[in-house]
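Chain by chain, the residues run as shown.
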Amino acid sequence: RAIRPGGHVWVSVRSIDGCCVIAVEDYGHGIAEEDQEAIWQPGKQLEHHMTRKKEGTGHGLDTLRIIAARHGGEVLLEWSEVGKGSRFLLKLPMR
């Protein structure tokens, strides 16, 4: 649902300052600036007629953020632009 038909998702992993940084980037629909804080709310789903083809719980990013925090890490929305896509980072300490 995050990308258009024929679109791509890139995943990269690298070590930065003692952290494992996993980046997930797509060239999909993107997230409007006014919606970017809402994506972290438990159970929140953005209502976009183009992307809402299946129902979900809306707990994916919230759950990932909780799991990352319990391991001393964090999840960030690095950038997103409507019509261009998004890039998320998962940072976990390497101990």
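Small disclaimer: the values here were computed from a predicted structure and weren't measured.

Things to note about the overall build of the chain
Here is step 1: Of the regular secondary structure elements, the chain holds 1 helix and 4 strands.
Here is step 2: The order of helices and strands in the chain, counted from the N terminus, is β-β-α-β-β.
Here is step 3: In the chain, which comprises 95 residues, the share counted as buried stands at 32%.
Here is step 4: Once local pairs closer than 6 in sequence are excluded, the contacts in the chain between residues at least 24 apart make up 50%.
Here is step 5: Element-wise, carbon and sulfur atoms account for 55% of the exposed surface of the chain, whose accessible area totals about 6600 Å².

As for the nonpolar core
Here is step 1: The biggest cluster of nonpolar side chains holds 8 residues, and these are Ile31, Ile39, Trp40, Ala68, Val75, Leu77, Phe88 and Leu90.
Here is step 2: Going through the elements one at a time, strand S3 (74–81) and strand S4 (85–93) are the ones with two or more residues in this core.

With respect to the pairing of S3
Here is step 1: The sheet contact formed by S3 and S4 spans 7 bridges and is antiparallel. Of the residues in S4, the one forming a bridge with Trp79 is Arg87.
Here is step 2: In this structure, the hairpin formed by S3 and S4 is closed by a connection of 3 residues, where Gly83 is found at a positive phi of approximately 85°.

Observations concerning the sheet that holds strand S1 (residues 9–16)
Here is step 1: The antiparallel open sheet is built from 4 strands, whose spatial order is S1-S2-S4-S3. Two strands in the sheet have a free side with no partner beyond their single neighbour: S1 and S3. Here the strands of the sheet are splayed against their neighbours by 15° on average, with no regard to which way each runs.
Here is step 2: As paired elements, strand S2 (residues 19–26) and S4 share 8 bridges and run antiparallel to each other. Bridge pairing in S4 places Ile22 opposite Leu90.

Brief notes about unusual backbone geometry
Here is step 1: Despite not being glycine, Asp17 shows a phi value in the positive range, around 50°.
Here is step 2: Summarising the element assignment, Asp17 is placed in the loop between S1 and S2.

The rules we used
Within every chain, residues take consecutive numbers counted from 1 along the sequence as written. In keeping with the predicted nature of the model, local features appear solely for residues at pLDDT of at least 70, side-chain atom pairs appear and are counted solely at 80 or more, and the whole-chain, interface and lining totals rest on all residues. Just so you know, side-chain values use all the structure's heavy atoms and leave hydrogens and water out. Only DSSP runs of H or I covering at least 4 residues are called helices, and only runs of E covering at least 2 are called strands; the numbering of each starts at the N terminus. Burial status follows relative accessibility: with a 1.4 Å probe on protein chains alone, a residue under 20% of its type maximum counts as buried, one over 50% as exposed, and anything between as partly exposed. The contact definition used throughout considers only heavy atoms, calling two residues in contact when any of these lie within 4.5 Å. Per-residue accessibility takes into account occlusion by the displayed protein chains alone, with areas from the Shrake-Rupley method and a 1.4 Å probe. Joining through side-chain atoms within 4.5 Å is the link that ties buried Ala, Val, Leu, Ile, Met, Phe, Trp, Tyr and Cys residues into a set, and such a set is a nonpolar core. One requirement defines pairing of two strands: DSSP has to find at least two bridges between them. Angles shown run from 0 to 180 degrees and are taken between the N-to-C directions of axes, each axis being a line fitted to C-alpha atoms and, for helices, limited to the stretch in contact.

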